[in-house]
Amino acid sequence: MNIFVLNCGSSSIKYQLIESESKKVLAKGLLERIGNDGSFLKHYSVYDYAIEIKRPVANHTEGIQMVLDAMVNKEYGVINDLTEIAAFGHRVVHGGETFNQSVLINDQVIEDIKKCIPMAPLHNPANLTGIKACMSIVPNAPHVAVFDTAFHQTIPAKAYLYGLPYELYLKYGIRKYGFHGISHQYVSEMAAKYLKREPAELRLITCHLGNGASVAAVKHGKSIDTSMGFTPLEGLVMGTRCGEVDPAIIPFLMDMEDMTGKQVYQYLNNKSGVLGISGLSSDFRDLENAACNGDERARLAMDIFAYRVGKYIGAYAVAMGGVDAIIFTAGLGENSPMIREKICEGLAFMGTVLDKEKNALRDGIREINENGCALKLLVIPTNEELVIAKETERICQNVVFL
Ligand code: ADP
């Protein structure tokens, strides 16, 4: 079954066409700068075509049309006609408490995704724009929404409620939702397969470490806690996001720096994290290079990042009454031996020691603890698009189309 997976941002569209049984990616690409000068599409196909098309793209409808045209292009396309796409899977960042799993999109679902906009003002409107544009171009195909929050809907109230008046939860839905659920779910399932154990037997800590970063406690196959919260700003120190800070810092900054609440929010989202600490970059490749060349603030930024990940590992080990494996994934988790080494420094008391030689290897699923350790350290490349494709297939198989 060919599934077209879409991840729409405010000015970008990421896509993959996946053959779900073989898990083969037939085509993938990225359209950037929608609605701005210099829009361009980078498209790769299974037949080794890589093309770049530069032309103005005014909105998401034009963008999706351009992407679908690329799919059926005689020269670099991979299908003859759009009816060869069985279904469309759309990534949606925030599903609130309404969606605890993926769902076939209809008018009511669109309304419910809209209701989550106040909680994800940057992401959900873009996701919705993409869904509506795609449904207007291909109205007869099934469209499925797969949510970043859904996997975390199993988190119990004692972990998802903040120390705020309960009325705020009832009135506005203020609680921890958690994000990166698609990735946490995928790597926890892959870990169980790798360990040849049932998910129901395992206590896992999954560390999704990319530009945005979060840690999750996955007990017996279910998320029971995660570091991101009401929004993706809480938790770890990230590329440009501050993670958790004393909330009193917000009015303090408003007074001292003469900022509005919105300005502080942007500051905490875009100017903070390892970028703010190092004063250099949000990209850990730059920080590693700088630290190796003696830049103390770059080193400090990495130390702070790793220290915070370690604190969550400790907390979640207690939350689950033990831990069988810690999993590293996403851009940094998969590719940075240096960060993994820093995070694992304090883990010996928990029954694991990082093997530096194994840690330096690249590619594929790998175990990086010394032989014989009870607590496993695993690197598992994430594949969120594949999860979306599989979920889309699953939902479509359970629905009778009239
Ligand atoms: P997102 O999907 O959140 O944008 P990714 O999961 O693609 O992010 O991760 C991107 C980040 O991963 C980069 O900003 C960089 O910090 C880090 N990264 C990627 N490759 C490497 C590498 N080889 N060494 C160190 N860090 C890396």
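That block above? That's the structure.
No experiment lies behind these values; they were computed from the predicted model shown.

A. Quick peek at the site of the ligand. As a structural note, the neighbourhood of the ligand is formed by Gly 210, Asn 211, Gly 212, Asp 283, Phe 284, Arg 285, Glu 288, Ala 330, Gly 331, Leu 332, Asn 335 and Ser 336. Separating an oxygen atom of the ligand from a side-chain N or O atom of Asn 211 is a distance of 2.9 Å. Measuring from an oxygen atom of the ligand, one finds a backbone N or O atom of Gly 331 at 2.9 Å. Protein contact buries 71% of the 580 Å² of open area that the ligand shows by itself. For the shell around the ligand, the elements supplying multiple residues, two or more each, are α10 (284-292) and α12 (330-335). Its residues assigned to classes, the shell around the ligand shows three nonpolar, six polar and three charged.

B. Structural context of the pattern of salt bridges. Scanning the entire structure with this criterion turns up 15 salt bridges. When the shortest N-O distance is used, the salt bridge between Glu 201 and Arg 197 registers 2.8 Å. Via salt bridges that share partners, Arg 91, Asp 148 and Glu 384 belong to a single interconnected network.

C. How the structure looks around the layout of surface pockets. Taken as a whole, the second largest pocket holds about 720 Å³ of empty space. Along its surface, the second largest pocket is lined by 20 residues, and Thr 231, Leu 233, Glu 234, Pro 247 and Ile 250 are the ones closest to its centre. Of the residues forming the lining of the second largest pocket, the biggest block, four residues, is contributed by helix α8 (residues 261-270). Partitioned by chemical class, the residues of the lining of the second largest pocket number 15 nonpolar, three polar and two charged.

D. Molecular detail of the environment of Ala 70. Within the element layout of this structure, Ala 70 appears in helix α1 (residues 60-72). Given a relative accessible area of 2%, Ala 70 falls into the buried group. Once residues within four sequence positions are removed from consideration, Ala 70 is found in contact with Leu 41, His 43, Tyr 76 and Gly 77.

E. Focus on the sheet that holds strand β6 (residues 87-92). Reading across the sheet, the eight strands line up as β5-β4-β3-β2-β1-β6-β8-β7 and stay open at both edges, with mixed pairing between neighbours. The open sheet terminates on both sides in strands that have one partner only, identified here as β5 (50-54) and β7 (103-104). Note that β7 and strand β8 (residues 143-147) share two bridges and pair antiparallel. Directly across from Val 103, in β8, lies its bridge partner Ala 145.

F. The side chain of His 184, seen in detail. Structurally, His 184 can be placed in helix α6 (residues 181-195). Since its relative accessible area comes to 0%, His 184 is described here as buried. A distance of 2.7 Å separates a polar atom in the side chain of His 184 from a polar atom in the side chain of Thr 206. The contact partners of His 184, leaving out residues within four places of it in the chain, are Phe 151, His 152, Phe 179, Thr 206, His 208, Ser 214, Val 215, Ala 216 and Thr 226.

G. Molecular detail of the sheet that holds strand β13 (residues 366-367). What the six strands build is an open sheet, ordered β11-β10-β9-β12-β14-β13; its pairing is mixed. Only two strands of the sheet have a single neighbouring strand rather than two, namely β11 (222-226) and β13. Of the strand pairs in this sheet, strand β9 (residues 203-209) and strand β12 (residues 325-329) are connected by five bridges, and their pairing is parallel. Bridge pairing in β12 links His 208 to Thr 329. Packing of helix α11 (residues 296-319) onto the sheet brings it into contact with β9, β10 (213-219), β11 and β12, and relative to β9 it is tilted by some 160 degrees.

H. Region of interest: the environment of Phe 88. Tracing the sequence through the fold places Phe 88 in strand β6. Sequence separation between Phe 88 and Gly 322 is 234 residues, and the spatial gap between their C-alpha atoms is 39 Å. Residues within four places of Phe 88 in sequence aside, it is in contact with Phe 4, Leu 6, Leu 68, Cys 134, Val 138, Ala 141, Pro 142, His 143, Val 144 and Thr 392.

I. How the structure looks around the pairing of β6. With six of six residues buried, β6 lies mostly within the body of the structure. Burial along β6 is two-sided: the face carrying Ala 87, Gly 89 and Arg 91 and the face carrying Phe 88, His 90 and Val 92 are both buried. In the sheet, strand β1 (residues 2-8) pairs with β6 via four bridges, with the strands oriented parallel. Considered in β6, the bridge of Phe 4 is made with Phe 88.

What counts as what
Residues numbered from 1 in each chain as written. Predicted model: local features only at pLDDT ≥ 70, side-chain atom pairs only at ≥ 80, totals over all residues. Heavy atoms only, no water. Near = heavy atom within 4 Å. Polar contact = N/O pair within 3.5 Å; in protein donor to acceptor, adjacent residues only side chain to side chain. Areas by Shrake-Rupley, 256 points an atom, 1.4 Å probe, with all protein chains shown as cover. Helix = DSSP H or I, 4+ residues; strand = E, 2+ residues; numbered from the N terminus. Nonpolar A, V, L, I, M, F, W, Y, C, P; charged D, E, K, R; others polar. Salt bridge = Lys/Arg side-chain N within 4 Å of Asp/Glu carboxyl O. 1 Å grid on protein atoms, 1.4 Å probe; cavity = no way out; pocket = protein on both sides within 12 Å on 5 of 7 lines; lining within 4 Å. Points joined across faces, edges and corners; volume = space filled by probe spheres on them. Buried < 20%, exposed > 50% of the residue type's maximum accessible area, 1.4 Å probe, protein only. Contact = heavy atoms within 4.5 Å. Pairing = 2+ DSSP bridges. Axes fitted to C-alpha atoms, helices over the stretch in contact; angles between N-to-C directions.

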